[in-house]
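Residue-level structure breakdown
Read off the chains here:
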Amino acid sequence: MTTRRGFLTFLGVGAVASRVRAAHARRATAMSEWTPEQFQKWSETMRRNASAQTSRSGTEVLALVERCSALEDGSGVTQKEHCLQTATRALRDGADEELVVAALLHDAGKLFDGMNHGAIAAEILRPHVSRETYQVVRNHTTFEARFYGAHLGPYEPPDRSCVAPVYACIDPAAYRNMERESWYPLAMRFTGEWDQRSFDPGYDTLPLSYFEPMVRRVFGRRSFALTVSTRDSGTPSRP
Ligand SMILES: [Fe+2]
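Note that the structure is a prediction, hence the values are computed from the model and not measured. By convention here, each chain's residues receive numbers from 1 onward along its written sequence. At least 70 in pLDDT is required for a residue's local features to be given in this predicted model, at least 80 for side-chain atom pairs to be given and counted, and no such filter applies to totals for whole chains, interfaces and linings, which use all residues.

On to the environment of L125, then. For L125, the position within the fold is in helix 6 (residues 117–125). Note on burial: count the other C-beta atoms lying within 10 Å of the residue's C-beta; 20 or more is buried, 12 or fewer is exposed, in between is partly exposed, and C-beta positions come from the backbone. Residue L125 is classed as buried on the basis of its 23 C-beta neighbours within 10 Å. A sequence separation of 23 residues divides L125 from A102, and the C-alpha atoms of the two residues are 7.2 Å apart. Whether two residues are in contact is decided by their C-beta atoms, placed from the backbone, lying within 7 Å. Those residues in contact with L125, other than ones at most four positions away along the chain, are A102, L105, T133, Y134 and V137. Under the DSSP-based scheme used, a helix requires at least four consecutive residues in state H or I and a strand at least two consecutive residues in state E, with every element numbered from the N terminus.

Below you can see the structure in the form of structure tokens.
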């Protein structure tokens, strides 16, 4: 026994450390082996943290919109300015609060993926908004393509051998396939009146701080428990 270990043993520190190590060794670290006590502690902690989760969601959404200031696409405004301007136009046009928040977030998915940005933003919104708002944001790129699709080269249906630039695969007329959807008029208004007009650097756009209370209210709503579904429209309508 070394002098150091002997000294620790003398102090009783070694015995305490051994007991702590033994306790950790007994504690299951795989969920499949958890004890009822571990499950109880886990679920109680999640319940306690539920309110913190809702306030964190709002904070994260505001941070996403803020980070869109780094996205410059040659349109004359940053994606943050574009999102703010789209939300400002929606607000001034009498849109309800969740639609204004949807407008604020609608292009933030570009931080992750350009082609699928509508679907990304829609899934962030989905637990807190109506099915109609969800579908409008999810499909806004298809509706928006009626303004720019024809300027980006001929439409080529995507397939596995498609080697064309990604934007050449956008069909400017695809939005017509959704004419029978209940949210079709709203998608036309969202893109035609608010989204496609919001590239004006001289517009009197409201700051992000103006929308913060709206974001916190919408993301502070009790979220839907989303069910597993193979249908895109699996979200029930908020009453
Ligand atoms: Fe947009």
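Following the structure, the description resumes.
In the predicted model, the protein chain carries a mean pLDDT of 84, and the fraction of residues at 70 or more is 76%. Low confidence marks residues 227–239, where pLDDT is under 50. Its contacts with residues over four positions away, or in another chain, come to 15 contacts. Values of pLDDT, the confidence the predictor places in each residue, fall between 0 and 100.

The relative placement of two packed helices comes down to the angle between their axes together with the axis-to-axis distance. The N-to-C vectors of helix 7 (residues 131–148) and helix 8 (residues 184–195) enclose an angle of 60°; their axes lie 9 Å apart at closest approach. Compared by their axis directions, helix 7 and helix 8 come out oblique. Crossing of helix 7 against helix 8: the hand is right-handed. Here E132, V136, N139, H140, F143 and E144 of helix 7 lie close against helix 8, whose contacting residues are L186, A187, M188, F190, T191 and D195. For this scheme, ten residues count as nonpolar: Ala, Val, Leu, Ile, Met, Phe, Trp, Tyr, Cys and Pro. Four count as charged, namely Asp, Glu, Lys and Arg, and the remainder, Gly too, count as polar. Residue composition of the contact of helix 7 with helix 8, grouped by class: six nonpolar, three polar and three charged. Lines are fitted to the C-alpha atoms to define the axes, a helix being fitted only along its stretch in contact, and any angle between axes, read from their N-to-C directions, falls within 0 to 180 degrees. Throughout, the term roughly parallel applies to angles under 35 degrees, roughly antiparallel to angles over 145, roughly perpendicular to angles from 65 to 115, and oblique to all others. Here is the rule for handedness: rotate from the far helix to the near one, and if that takes an anticlockwise turn smaller than a right angle the crossing is left-handed, while a clockwise turn gives right-handed.

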